[in-house]
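Each chain is listed here by its residues.
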Amino acid sequence: GITMVTAVGMAMLNFFTVLSMRKLVGWKFHLMQYVTDIGGVLWGTVALVACACFTATLCTVLIYKVSPEAGSSGAPENKGWLNGSSPFPLGGYKPIHLFVRCFATILGNASGYPVGREGPTVSMGTNFAYIVTEFMAGPHVRQWVDIDVVGQAPTAALMVDEEQYAQAKRVACAVGGACGMAMIFDAPMGGILYMFEEMTAVCWPLELTFRAFVGTIVCALLSRALLNGMGTDIKAFVIYEWSPQRHPWGWNDVPFFFVLAAAMGSFSALHTVVCLKVGDLRQKAMKSLEHLQPVNKMVEAVLYAALCALTSSLVAQMGRCEPLKTGASVEFVRYNCQEGEYNPVASLLLTTSEAAVNLLFSRKNAGQIHPTNAFLSFLGYTCLNIGLTGVTVPSGNFTGTMLIGGLIGRMMGSMAERYQLTGPAVSGVYAMVGSAAMLCGFKRMSLAVVVFVATAANDFNLVPPLMLSVVVSVSCAEFLLHRGYDEEQLIRRKVAFLEPQTPNCLDKKKASELCDILPPEATLHVEATAAEVSKALKTDVSDFPVVKVGGICVGFTTRERLEAALEACAKRGQMEHSPTAGLETPGGGTLGTGRTEDAAQSMEGEFERLISDSLVSSFGILPAGAKLPIGRLVDPVPYTILEEMPAQRMYALFARGGLNTASVVSENGQFVGMLSRRGLIHHTRHLDH
């Protein structure tokens, strides 16, 4: 049920998003062309900048006034959540976040930022699935647990099976993310592979494969049906090129593919470093203007939209007008050219990134995009793409990175064609190979990239050269830069993420050296007083070890369970000791409005005694000396690790076995410390730096 609701909801969301985006972007460029035809290029540029500033202002105001957490793609936080390394999504997945990210993505793309909508769409998919799971699965993971507190009547507390609940949410969120990517490229298998690589194989549950299979195909079919009902087609909104060839490449092309992939892998590493440096500089600049927040970030986002529009317009004017051939693609933009002509640079910059990639991938327009025009577009777009790092707008790097690689590939293919050095591969095929090489070097993905590009080309004969380009590009990128852009973002944003492979920094380490630093009050006994539990909750610990006599750990309990138990006991205590209700007189009656003054004073004194002997907390008044049966709140039979176990073997239990907490014990079985997933991430990052 959750899978079907998620798939249907994402199809509706995609239907609304793509239509709204197409309307806004089409309105902007039609207005620019109309003003250019009437008043010239100068006024056309002014109109373009004005439109960009207007939509960018709406976008930033919506973000900062309603939900600042939605002012990014959300991809790093989403990846950490799906990795199972945090108990809840960082920033939260609330309906308001979904609403703001959806509209901000539409407005951001309409503003002309050099971005795609992949990252925000995946985050919207996980956000929507999270909300659906809370609504549909929430009642099934809650149960009442009896808590017999000494000195009180039987009490019950409502407990949640956090581990089962989180697992159900993560499975549903993965389906939602896969649906999002499947719709963007009209590639259900690509959506599944994307989420598989995003989550890593060690975090991919067996049940998820079929659920993602069902969800993506239902979502893709429904999205196609909705768009067909509006008189359009899904192919009008995705990267798609229809000109299959029996032999799209030959052996003469392979050396050029190899060189192109090596160049793009090296450039992707450089691109990552520069993007991260720009992000650091922007963060420092914004910190110096911290007293002006959030106005400084809002103004910056609007000004950068104006800069993107102005730069694209100025660079487009450097392009040379070319005659429009009969039957040429309608995607060509005329801009400052006469009727019957087109501007190749404007066709790549003054349009959406998806439309520009379609032009580059086309095998029907060989010779219509001169290498000089492709180079001008590459310089303009790449600089703007790098400069966008850190600007508060929901942005995705998937399509933008594909465009950068496609421009380089198109240049190389055009020059090789001119000197008749290539085989049957045309410049459009070179653009596909360059696009795949740049994307995999930047994102450090392989399977999903090949499937997406091959699906966009509608030609699986291109799989061998695409796979070759991925191998060469990733090898070069990893040789020059150990981590990709996404991995660096995880560390810089301090998102909890457990790497699937054991880090080298854990060599010669033992389990006892990596234990969490626990304050003494965080370790509870199977029966603990309310005061002891309250002190434990004042620490920053999220999982609490519970030990019995002899120092044997019987399991772990969570902060949520302890809070629920304290709240239930406080409510019960208030009901039993309320001074205004339920007090019986010695004769068996109940004190009411006719009580005597002496009885009222006596009762008031009794209540003051109760308060003085009780613990006052945020949950209410807890009875003095009340003992809570903490042993009933634990997950019994905890995972145990000997304190001398090598870190490499212990790490595999967390990375591949899905452990969240484990008890470290001595040879005699006594509790030595606790290992948690979050603590292990903290230690590995500290040692790595």
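The structure under discussion appears in the preceding block.
Computed from a predicted structure; not experimentally measured.

### Section: the packing of helix α6 (residues 162-185) against helix α8 (residues 206-229)
Describing two packed helices takes the angle between their axes plus the distance from one axis to the other.
Right, so step 1: Between α6 and α8, the shortest axis-to-axis distance is 9 Å and the interhelical angle comes to 40°. Relative to α8, the element α6 lies oblique. The interaxial crossing formed by α6 with α8 has right-handed handedness. Where α6 abuts α8, its residues V171, A174, V175, A178, C179, A182 and M183 lie against E207, L208, R211, A212, G215, T216, C219 and S223.
Right, so step 2: By residue class, the composition of the contact of α6 with α8 is 10 nonpolar, 3 polar and 2 charged.

### Observations concerning the environment of I641
Right, so step 1: For I641, the location among the structural elements is in strand β13 (residues 640-642).
Right, so step 2: Each C-alpha atom, one on I641 and one on V672, is 9.9 Å from the other, the two residues being 31 residues apart in sequence.
Right, so step 3: Excluding anything up to four places from it in sequence, I641 contacts A511, M650, L653, F654, A662, S663, V664, V665 and L675.

### Points about the sheet that holds strand β5 (residues 524-525)
Right, so step 1: Taking strand neighbours across the sheet as the criterion, the 4 strands line up as β5-β7-β8-β12 in an open arrangement whose pairing is mixed. Each edge of the open sheet is held by one strand with a lone partner, namely β5 and β12 (635-636).

### Concerning the pattern of salt bridges
Between side chains of opposite charge, a pair can form when the charged atoms approach closely.
Right, so step 1: Per the stated rule, a full pass over the model turns up 16 salt bridges.
Right, so step 2: In this structure, the salt-bridge partner of E339 is R334, at a minimum N-O distance of 3.5 Å.
Right, so step 3: What makes R334 buried here is its relative accessible area of 18%.
Right, so step 4: D459 is the salt-bridge partner of R363, the closest N and O atoms lying 3.1 Å from each other. Of this pair, R363 sits in the loop between α12 (353-361) and α13 (371-387) while D459 sits in the loop between α16 (447-457) and α17 (463-480); the two residues are 96 residues apart in sequence, bridging distant segments of the chain. One exposure class covers both R363 and D459, and it is buried.
Right, so step 5: In the salt-bridge network here, residues are joined through shared partners; they are D280, R483, E488 and R492.

### Examining the pairing of strand β8 (residues 552-558)
Right, so step 1: β8 sits mainly inside the fold: 5 of its 7 residues count as buried.
Right, so step 2: Pairing of strand β7 (residues 543-548) with β8 involves 6 bridges; the strand directions are antiparallel. Bridge assignment links V547 to a residue of β8, and that residue is C553.
Right, so step 3: In this structure, the hairpin formed by β7 and β8 is closed by a connection of 3 residues, where G550 is found at a positive phi of approximately 100°.
Right, so step 4: As judged from the 2 bridges shared by β8 and β12, these two strands associate in the antiparallel manner.

### What about the side chain of R561?
Right, so step 1: For R561, the location among the structural elements is in helix α20 (residues 559-576).
Right, so step 2: With residues up to four places along the chain from it excluded, the contact list for R561 reads M159, V160, D161, E162, L633, V634 and D635.

### A short note on the state of the cysteines
Right, so step 1: Counting across every chain of the model gives 1 disulfide.
Right, so step 2: A sulfur-sulfur distance of 2.0 Å marks the disulfide that ties C321 to C337. Looking along the S-S bond of the C321-C337 disulfide, the torsion reads about -90°, which is the left-handed sense. Of this pair, C321 sits in the loop between α10 (295-316) and β3 (322-323) while C337 sits in the loop between β3 and β4 (341-342), and the two are 16 residues apart along the sequence.
Right, so step 3: Residue class for C321 comes out partly exposed when judged on its relative accessible area of 28%.

### Here's the deal with a nonpolar patch on the surface
Right, so step 1: A cluster of nonpolar side chains, F16, V66, I96, F99 and F103, forms an exposed patch at the surface whose accessible area comes to about 400 Å².
Right, so step 2: A per-element tally of the nonpolar patch places helix α4 (residues 95-110) first, with 3 residues.
Right, so step 3: Residue classification places F103 among the partly exposed residues on the basis of a relative accessible area of 31%.

### As for the packing of aromatic side chains
Right, so step 1: All told, the structure shown has 15 aromatic pairs when counted by the stated rule.
Right, so step 2: Between F16 and F103 the ring centres are 5.5 Å apart and the planes differ by 65°, which places this aromatic pair in the edge-to-face class. Separated by 87 residues along the polypeptide, F16 in helix α1 (residues 2-39) and F103 in helix α4 bring together distant segments of the chain.
Right, so step 3: For the pair F398 and F452, a centre-to-centre distance of 5.7 Å together with 90° between the ring planes defines the contact as edge-to-face. Within this pair, whereas F398 is found in helix α14 (residues 398-418), its partner F452 is found in helix α16, the two being separated by 54 residues in sequence.
Right, so step 4: Overall, the relative accessible area of 1% leaves F452 in the buried class.

Thresholds, definitions, all that
- Residues numbered from 1 in each chain as written.
- Predicted model: local features only at pLDDT ≥ 70, side-chain atom pairs only at ≥ 80, totals over all residues.
- Heavy atoms only, no water.
- Axes fitted to C-alpha atoms, helices over the stretch in contact; angles between N-to-C directions.
- Helix = DSSP H or I, 4+ residues; strand = E, 2+ residues; numbered from the N terminus.
- Parallel < 35°, antiparallel > 145°, perpendicular 65-115°, else oblique.
- Left-handed = near helix turned anticlockwise from the far one by under 90°.
- Contact = heavy atoms within 4.5 Å.
- Nonpolar A, V, L, I, M, F, W, Y, C, P; charged D, E, K, R; others polar.
- Pairing = 2+ DSSP bridges.
- Salt bridge = Lys/Arg side-chain N within 4 Å of Asp/Glu carboxyl O.
- Buried < 20%, exposed > 50% of the residue type's maximum accessible area, 1.4 Å probe, protein only.
- Disulfide = S-S within 2.5 Å.
- Patch = residues over 30% accessible without salt bridge, like charges linked within 9 Å, V, L, I, M, F, W, Y side chains within 5 Å.
- Areas by Shrake-Rupley, 256 points an atom, 1.4 Å probe, with all protein chains shown as cover.
- Phe/Tyr/Trp six-rings, centres within 6.5 Å; stacked < 30°, edge-to-face > 60°.

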